[in-house]
Amino acid sequence: MLKYLARRLIFMILTVWIITVIAFVVIQIPPGDYVTNMVTEMMSQGSDRIDPVVVDQLRDQYGLNDPVYVQYYKWMKNIVTEGNFGYSLTFRRDARVLIIERLPMTFLLTSSSVLFVWFVSLPIGVFSAVKQYSIWDYLATFIGFIGVATPNFLFALILMYLSYRYGGRALIGLFSSEYVNAPWSWARVADLLKHMIIPVIIIGTSYTAGLIRTMRANLLDELKRPYVDAARAKGLSETRLIWKYPVRYALNPFVSTIGWALPGLVAGEVIVSIVLNLPTSGPVLFEALKEQDMYVAAGFILVLSTLTVIGTFISDVLLVILDPRIRLE
Amino acid sequence: MRKLCLYLFAILLLIPFGKTVNGQETYHESPMLTALVEAGELPPVGERLPTNPRVVEPFKEVGEYGDAMRMGFVGNNPGWGGLWYVTGWENLASWAPDFSGAVPNIAESWEVSDDVREYTFHLREGMKWSDGAPFTADDIMFYIEDILFNVELSPAGPSADWLPREGAAEFRAEKIDDYTVKFIFANPYGTFLYTLPQWNGRHITWFPKHYLSQFHADYNPNVAELVAETEGAEDWVSLFNIKASGPTEDTNNYFNNLERPLLFPWVPTSVLGGSTEMNMVRNPYYFKVDTEGNQLPYIDEVIGVSYQDDEARNLALANGDIDYIKDATGREFFFDALDSGAPLAMSFWNDEAGNTNSIHFNFNTQDAVLAGIFQDLNFRVGLSHAINREEIIEIVHQGQGIPAQVSPLETSPLYNERLASQYLEFNIDLANEYLDKVAPDRDSDGYRLRSDGERLSFVLSVPNSEAWQANWVSVGELLVGYWEKVGVEALLDAVSADVMTERREQNNFEATIFTGEGGAGLTPILQPRYYVPGEYDSLFGVSWYYWWAGAQDAVTIEPPQDIKDLRVQFEQVGQQPTQEAQVAAMTEILNVAADKFWVIGISRPGNGFQPYNIRIGNFPDQWIHGWGEGVEKITYPEQWYLKQ
Amino acid sequence: MDTTLEQHEAVTPVPKNTAHTDTEVSVEFASQWRLMWWKFRKHRLAVVGLIIVVTYYVVALFANFFAPQSPKTYIAEYVYSPPQQLHFFRDGRLAPYVHPYTYERDPLSYKKIYKVDTETFIPVGLFVHGDSYEVFGLFETDIHLFGAKEHGQPFYLLGGDTIGRDLLSRTIFSARISLVVAWVGVSISMTIGIILGGLSGLLGGMVDNLIQRLIEITMSIPTLPIIIAIAALVPIDWSTLRVYTIIVLLLAITGWTGLARVVRSKFLVLREEDFVLAARLDGARSIRLIFRHMLPSFYSHIIASITLGLPGMILAETALSYLGFGLRPPAVSWGVQLQQAQQINVISNYPWMLAPAIAVIIIVLAFNFLGDGLRDAADPY
C-alpha cells in the first residue's frame, strides 16, 4: 500500500508538471499578446491614435519579447522558490491573490453541485433500475436527462430572465448588492444560498444524466448476482435487500465523481458563471485566456490541475477502501 | 484634546468667514465631508476649493447630496467599461454641454496668440489634487520636461496624441508663474483647443509631480529600491508607467493604483479582483461647485459592478440593482421594462457619427491584383450602387435613418452634399456598368474574373465580438448577397475584435467593416479617419498609416506622392487660426474625399437610447453621443444626483 | 465542455446476465444481433430515440427538400416575425393556407407590431416549387416537401430570424453541420480511445503505465485554452466550417479518455481468453489483434459509446458559439442560430428564436435514450 502511494505521488507531481508546460505553451500560441488586446480595447472605445512605437515599448515593458521558455523558466522558478505566481497584467496585481480570492466560491459552487448531482441521481438511478422499463423508469430518466440536453448558457439565461420576469428580482451573481462586500452573517449566508439555487441546478443537471445512467446500469448488474437471490430467499424485505449491498457496490461511480468533478464542473461552470456573473474562477480564467493575461491563466490551470490530480487520487484510494473487490495493482 | 480644541476653534472661525461665490454665498459640502471636517480629518470646504472654482450649472435643478450610485460594466476594466467617462476625464478644457465649443475647466482661462502658435493657460489658484497637495504649473511642467522630453520615458522623442507629429521636438512650454503656463508650438495649431477636452488632451493635467517624482530617476536616486519591491516593474521606466498610468501605460490603469492622486470627481478606494465590485468615493478637493455654491459631485460614492456578459447587466439595470450602464443594448426590452414599471427613465441621444458603417477595401492588401482592383474607383462605385440601403435600414437599423455615404452631418458646417449623397442609388444595371469597366469577363457561375483569370473574390472580415458590433454580421451577410448579384464574390469572415486587431497589425485582411465617426460639428476635423488616409482607423490604407506612424515592420508601404501631399494638406487644416479658415481648408479635403471615395457608407444613424435608474437626477433628456464628445462626460456626471 | 463527452463511461461496468423472460426458448437459436434487437425493443424510450435520430438524419440529408426555403432567402418585412399559424380548412374544404403579416413600428422602442392580414390567403401545399437547389451535385430541382404554393410568398411556420429568413428552414439546415461534424468528432475520439485503450489493456506493463498517465494528463488539461489558441491561429481564408472541424478534432483528441478506460478494462479481462491467446500465439500484431479479434466481441458497447458521445459534441458546438469560438455566420448551425437568441431582448420579445434549442434538446435526448437502450441491449445473454 505504501509503495503504491509513493509511486502515485511521484506520478502526480510529474503529471502536474507536464500540464503546466503544455498549458504555458498553449496560452502563448495565439498570435498577438496582452498588448494586442490592450490596443483592441482602447480602439474599441474610440481612441484613435495608437502609436506603433508605443505599442512596441509596452511589449518590452511587459517582458513579452522574451522567448516562451525564458518566460516559463522565470515563472516556474518564482513559484518554486517564492510561491510567487507572477503578475496579472489585467488587474495589475499578484496573480496568486487573484486565484486565492476566487477559489473558495468555486469550491463552494462545485461541491454544492456535486452534492446536488448525488442527491438527484442516486434515488432516480435506484428507482429506474428497480422499476426497469416501467412508466416510472421512463419518467425518471426523462427528468434526469432533460438537464443535460439543454444548452447550459440558454438554460441559465432563461432562468435568469424568468426570475426577473416572474420572481420580481433577477437572481444574478452570488450575493445581492447589499451583501457583496458585507462581512459574514446569517443573513449573508441565506442570501448566498438563495443565489446558489439557479447555478447549482444548471451545473448539476448537466451531470445527473450520466450518473443516473451509470447508477442504473450498475445496480441492474448487481441485482442479478446470486447473493441477491440468496438474500431474497432468506426473506429479506425488498427495500432492505436493495439498499444493503447492491446499492453500496453500485455506488462506486459516485466516489469516482470526486476525481472528475473539479475539471468537469469548472468547465461547465465557466459558461454558467459568465451568464450569471458569478465570482468564481471560471470567468477569470476565461478572460485571462482571451486577454492573454498569461500568468493568471497559467496559475489557474496549475492550481486546478493539481486539485484534479489530487481528487483522482483520493477517489482511487476511497474506492479501494469502500469496495474490497478492487485490488491494488 | 488641545489639538481638537484648536480645530474646533478654526472651524468656528471659518464658518462665518467662509469663501463665497459671487461674493455672497458660503460654500456647502456633502454631509459626509462635514463629518470628516468636524472630526478634524479634513480642512473645511473653503480651503479645499480653489479661490475661483469652476461653476457648473445643473442641467435641471440643484441636486441633493449623498448616496452611492451603482454602475455596471462588462469585463475587467472599470475604466474602459464606462467609469472613465462618468467618474474621470478632467482636462484643461471641457465641452459645453451642447457641444458648441471648448470651455474652461481645469484651466480658468486662456489666451491664444494671433498666429495660433502660443497658448497661455491660467490655472485655478488653490486647486488641489485628491490628496490635498496643490495642483500648480509645476505639475504640467513636470509632464512636459520630465516625461515628454525625457529620453527614457519617451525614447522615440516627444510624442503625445495632442502634439502634432510635425515639429514635435521644437515644442516647448514655459512656466510663467505658479498658475500660468505657456505652450509654444513649432507651427500654427488652430485646433489645439478642440483637442483639449478630448481623450487626446488628458495627459497635460494627468501627472502629479509630488507623488510621481519618487518613481522618477531624475528625482529619486534610490529609485532602484522601489523597482525591486514593486510587482511587475522591470526598471524605473516601467515602474513609473505603472504608478502613473502613463505615459505609455493605458491611462485607465489608475483604477488599479489606489494611492495615486487625481483631479477627478470620484477616486477609487478598492480594486477589482476577488469581488465583482469596486468602490469609489467623492474627491473632497474636487474643484467644481454648482450655482448655489455646493461643492460637486452631488453623489457621494460610485460602486462599479463588473459583469461578464451584457445580458446580466441589462437585467440588473431593469431590476434596479444598478443605476447606470454605458452602451445599453436591447431597445425593445428596455422600453417594455419601462412600460411595465421598472424603475427606469429614458434619455435619447443623437449619434455623432456620420454613418452606421464604413466599408473598407484594403488598398494595401498583399494580393497585388486585388489591390489594383480595390484602388479602382469604378469598382467601389459599382459595389456602392449594388447595395440596397433601404433594405439594410429596414432589416438591421429598425427602419431608422436614411441612405448616406460616410460624411459630415447636415447640421455640421462641414456638410458636403456630394460626399454625402453620391453613388447612393440602388441600381443593379448601373452597378454592372461600373464593374464592367473593371472586370467585364465572368466565369460559368456568373462571377467576374480578374485580369489574371482568377475569380474576383475577396474576404470581407467583419469584427463581431463587441456589443456595438452586434449587427455588423447582418450587414455583412446582406452585402455578400447584394454583391453576388453583380458577380462579385465576397466571403464573409466573422472574427473577434482581437483577431481583427492582429490582422490589421499584419496587414492581413482584404476588406472590412468599421464604424462611421466624424459627423457632428467639427468632428470631421478631429476624427478624419474616413476622409483622409493616415489615421489608425483609415483601414483602406492600413500600411500607409504604418508608414506615417513610423512603424519598423514589414507592413509599411510608402504612399504615392499625391496621397502624401494630401496628408500634408490635411495637416494644414489644424494650423488655420480661425474656425472659418479651418472649415474652408477641411472642405478642400472633403472634396478630395468625395473624388477618391475612400470608403462606402450605408446610412445615417438613428437616435440612440440611454436607460438609467429613475433616481438619477439631472441626466439630460437629449444629448450628443460620441467618442470625440466625451460620451457621458458631456452630460457632466458630477452634477448628477440621486433622488432620495 | 469536453467533460460532457467523457462523462462516466469510464467506470461503467456493463450489465450482465439480464433477466431472461419470454424469449427464453428461442434464445438458443437466435443470432446475437437479433437478441440485441429483442432486448432493445423493450426499452420504449430507446425505440422512440431511434426513430427520432433516424428522422433527423434523413431530414438533414435531404435538407433542401424538407426545408421550405433556402437558408439564405429572406424577406425584409419578416425580420423577427412571429410564427404563422397554419390553417388546414378553408370554406370547409381541405386547402391549407397561412395569412401574411402587416406591421407598424412602435415610435419609441422601434419594435415591430405585427398584425395578421386575415384578408389575404397564402395557399400552402405539398411538393411545391420554391428555391432551386442541386441534389448531390447530380441534378437541379426546385421541389420542396411543403411550402407556399407560389414561390416567394412568406411562409414562416417558426417565425423569422434577425434578417428575415425562415427559422424552420434554417433549423433544418443546421442539422447538417451539427450532426455531421459531431459524427466526425466522435468517430475520431472513438478510434483513438480504442487503439490506446486496447494497447494499454493488451500489452500492459510499461505501455499501460504510460497510456494511463497520458489519460490522466489529458483529462486534467482544460480544453478551453487549446480551443482559444486554435481559433486565433487559423488563416483568414479558411472557411468557418474548416475552422470548426479543427476545433472538433481537438475536442476529439481530448475526449477519447473515457472510452480508452472502458476498452482497457475490457481488454484486461479479454486477453486472458483462449481465442486471444490463440491469435497471439499465431503471431498477430497488436493493432490487428485489436481490430480483428478483440473488438468484435464488444461492438455493441462501442456503438453505445458513440451514441452517447454525439450529444456531447452537439452541445459543445452550441457552447463554443456562445463563447464566440465556435462556428460563425455564414455557416448555418444550431450554435450559430442560438447565438442570435442569447439575448434577454430576444428571449423576452421574440422567444420563437429559441426554436433551434428545442431541436437540440430533442436530438440530445434521443441520442441519450438510444444509447441507454443500446447499452442495455449490449449484452443480451
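Novice: So what exactly am I meant to see when it comes to the overall build of chain C here?
Specialist: The secondary structure content of chain C amounts to 16 helices and six strands. The proportion of buried residues among the 381 residues of chain C is 51%. Restricting to contacts in chain C with at least 6 residues of sequence separation, those with at least 24 account for 70%.

Novice: Quick question: what am I supposed to make of unusual backbone geometry here?
Specialist: A negative phi angle is the norm for most residues apart from glycine, just as the trans form is the norm for most peptide bonds. In this structure, Pro297 of chain B follows Leu296 of chain B across a cis peptide bond, with omega equal to -5°. Mapping Pro297 of chain B onto the fold places it in the loop between β13 (288-290) and β14 (301-307). In this structure, the amide linkage connecting Pro329 of chain C to the following residue, Pro330 of chain C, adopts the cis form with an omega of 10°. Mapped onto the fold, Pro330 of chain C is located in the loop between α13 (299-323) and α14 (334-341). Positioned with a positive phi, Tyr423 of chain B is a non-glycine residue whose angle comes to about 55°. Relative to the elements of secondary structure, Tyr423 of chain B occurs in the loop between α15 (417-421) and α16 (428-438). Even without being a glycine, Asn618 of chain B presents a positive backbone phi close to 70°. Residue placement: Asn618 of chain B occurs in the loop between β23 (616-617) and β24 (622-625).

Novice: For this particular structure, what's the right way to read the pairing of strand β20 (residues 511-514) of chain B?
Specialist: Note on strand geometry: in a regular strand, side chains alternate between the two faces of the sheet. Residue and element names in this part refer to chain B. Residue alternation in β20 divides its side chains into two sets, Ala511 and Ile513 and Thr512 and Phe514, and both sets are buried. Strand direction decides the pairing type here: strand β17 (residues 358-361) and β20, joined by four bridges, are antiparallel. Looking at β20, one finds that Ile359 is bridged to Ile513. In terms of strand pairing, strand β18 (residues 457-463) meets β20 through two bridges, oriented parallel. By the bridge assignment for β20, Ser461 is matched with Thr512.

Novice: How should I be thinking about the sheet that holds strand β10 (residues 180-184) of chain B in this particular structure?
Specialist: Residues and elements named next belong to chain B. The four strands lie next to each other as β7-β8-β10-β9, forming an open sheet whose pairing is antiparallel. With partners counted over all chains shown, the strands left at the sheet margins are β7 (107-112) and β9 (172-177), one partner each. In this sheet, neighbouring strand axes are inclined to one another by 20° on average, regardless of whether the strands run parallel or antiparallel. In the sheet, β9 pairs with β10 via five bridges, with the strands oriented antiparallel. Across the sheet, Asp177 pairs through a bridge with Thr180, a residue of β10. Its contacts with the sheet put helix α5 (residues 137-148) on β8 (118-123), β9 and β10, and the angle it makes with β9 is roughly 160°.

Novice: What's the story with the interface of chain A and chain B in this structure? I'm lost.
Specialist: Where interface size is quoted, it is often the accessible area lost as the parts come together. Tallying the contact residues gives 53 residues for chain A and 51 residues for chain B. Those elements that provide at least two residues to the side of chain A that touches chain B are α2 (34-44), α3 (52-61), β2 (93-94), α5 (95-130), α7 (152-165), α12 (252-276) and α13 (281-291) of chain A. Element by element, the count of residues in the side of chain A that touches chain B is highest for α2 of chain A, at nine residues. Class assignment of the residues belonging to the side of chain A that touches chain B gives a composition of 25 nonpolar, 17 polar and 11 charged.

Novice: Is there a simple way to explain the packing of helix α6 (residues 167-203) of chain C against helix α7 (residues 205-220) of chain C in this structure?
Specialist: When two helices pack together, their arrangement is captured by the angle between the axes and the distance separating the axes. Residue and element names in this part refer to chain C. Relative to each other, α6 and α7 sit at 145°, their axes nearing to 7 Å. Taken as a pair, α6 and α7 cross one another with a handedness that is left-handed. For the pair α6 and α7, the contacting residues are Leu196, Leu199, Ser200 and Leu203 in the first and Gly205, Val207, Asp208, Ile211 and Gln212 in the second. Within the contact of α6 with α7, the residues separate by chemical class into five nonpolar, three polar and one charged.

Novice: I tried to follow the packing of α5 of chain A against helix α6 (residues 135-149) of chain A on my own but got confused; where do I start?
Specialist: Residues and elements named next belong to chain A. Where α5 meets α6, the axes come as close as 9 Å, and the angle between the chain directions of the two elements is 150°. Viewed along their axes, α5 and α6 adopt a mutual orientation that is roughly antiparallel. Every pair of crossing elements has a handedness; the one defined by α5 and α6 is left-handed. Contacts between α5 and α6 involve Ser121, Ile124, Phe127 and Ser128 from the former and Trp136, Asp137, Ala140, Thr141 and Gly144 from the latter. Looking at side-chain class alone, the contact of α5 with α6 contains four nonpolar, four polar and one charged residues.

Novice: I would appreciate a short explanation of the environment of Ala319 of chain C in the present structure.
Specialist: Take Ala319 of chain C: it is sitting in helix α13. The spatial distance from the C-alpha of Ala319 of chain C to the C-alpha of Gln339 of chain C is 9.3 Å, given a sequence separation of 20 residues.

Novice: Where do I start with helix α8 (residues 186-223) of chain A in this structure?
Specialist: Because an α-helix completes one turn every 3.6 residues, residues spaced three or four positions apart along the sequence face the same direction. A rise of 1.5 Å per residue sets the reference length of α8 of chain A, with its 38 residues, at 56 Å; its end C-alpha atoms lie only 45 Å apart and thus fall more than 12% short of the reference. The sharpest bend along α8 of chain A comes to roughly 35°, located at Met196 of chain A, with the proline Pro199 of chain A sitting one to four residues further on.

Novice: Help me understand the environment of Ser178 of chain C in this model?
Specialist: All names here are of chain C. Topologically, Ser178 is positioned in helix α6. Since 29 C-beta atoms lie within 10 Å of it, Ser178 is described here as buried. In sequence terms Ser178 and Thr318 are 140 residues apart; their C-alpha atoms lie 9.1 Å from each other. Discounting residues that sit within four places of it in the chain, Ser178 has contacts with Ile314, Glu317, Ser333 and Trp334.

Novice: Would you explain the confidence of the model for chain C in this entry?
Specialist: Low-pLDDT portions of the prediction should not be read for the details of their coordinates. All names here are of chain C. Looking at chain C, the pLDDT average stands at 80 and 84% of residues meet or exceed 70. Taken element by element, chain C is modelled with least confidence in helix α1 (residues 3-6), mean pLDDT 35, and with most confidence in strand β3 (residues 101-105), mean pLDDT 93. Confidence over residues 1-25 falls short of pLDDT 50; this stretch has 67 contacts with residues more than four positions distant or in other chains. Listed scores for the predicted complex are pTM 0.87 and ipTM 0.83.

Novice: Got a minute to help me understand the sheet that holds strand β21 (residues 600-601) of chain B in this structure?
Specialist: Either a parallel or an antiparallel arrangement is found when strands of a sheet pair, and the pairing is made through backbone hydrogen bonds. The strand order β19-β18-β20-β17-β21 (chain B) describes an open sheet built from five strands, whose pairing is mixed. Both outer strands of the open sheet, β19 (489-495) and β21 of chain B, are each paired with one neighbouring strand and no more.

Novice: Would you mind showing me how to read the pairing of strand β4 (residues 112-116) of chain C here?
Specialist: Note: β3 of chain C against β4 of chain C, five bridges, orientation antiparallel. The partner of Thr102 of chain C across the bridge, within β4 of chain C, is Lys115 of chain C.

Novice: Explanation requested: the nonpolar core in the structure shown.
Specialist: Burial of nonpolar side chains together is a common tendency in soluble globular proteins. Residues Ala156, Met160, Val275, Ala297 and Ala298 of chain A, Met71 of chain B together with Val364 of chain C are the most contacted members of the largest nonpolar core, which totals 356 residues. Sort the elements by how many residues they give to this core and α6 of chain C lands first, with 15 residues. Among residues more than four places away in sequence, those in contact with Ala156 of chain A are Ile202, Val272, Val275 and Leu276 of chain A. Residues Val35, Met38, Val39 and Val54 of chain A belong to the second largest nonpolar core, which totals five residues.

Novice: Sorry if this is basic, but what is going on with helix α9 (residues 226-233) of chain A here?
Specialist: With zero of eight residues buried, α9 of chain A lies mostly on the surface of the structure. Positive phi appears at Gly235 of chain A, one or two residues downstream of α9 of chain A, with a value of about 90°.

Scoring rules and cut-offs
Residues numbered from 1 in each chain as written. Chains lettered and ligands numbered in written order. Predicted model: local features only at pLDDT ≥ 70, side-chain atom pairs only at ≥ 80, totals over all residues. Helix = DSSP H or I, 4+ residues; strand = E, 2+ residues; numbered from the N terminus. Buried ≥ 20, exposed ≤ 12 C-beta atoms within 10 Å, placed from the backbone. Contact = placed C-beta atoms within 7 Å. Pairing = 2+ DSSP bridges. Axes fitted to C-alpha atoms, helices over the stretch in contact; angles between N-to-C directions. Nonpolar A, V, L, I, M, F, W, Y, C, P; charged D, E, K, R; others polar. Left-handed = near helix turned anticlockwise from the far one by under 90°. Parallel < 35°, antiparallel > 145°, perpendicular 65-115°, else oblique. Expected span 1.5 Å × (residues − 1). Bend = angle between axes of the 7 residues up to and from the residue. pLDDT = per-residue confidence, 0-100. Core = buried A, V, L, I, M, F, W, Y, C linked by C-beta atoms within 7 Å.

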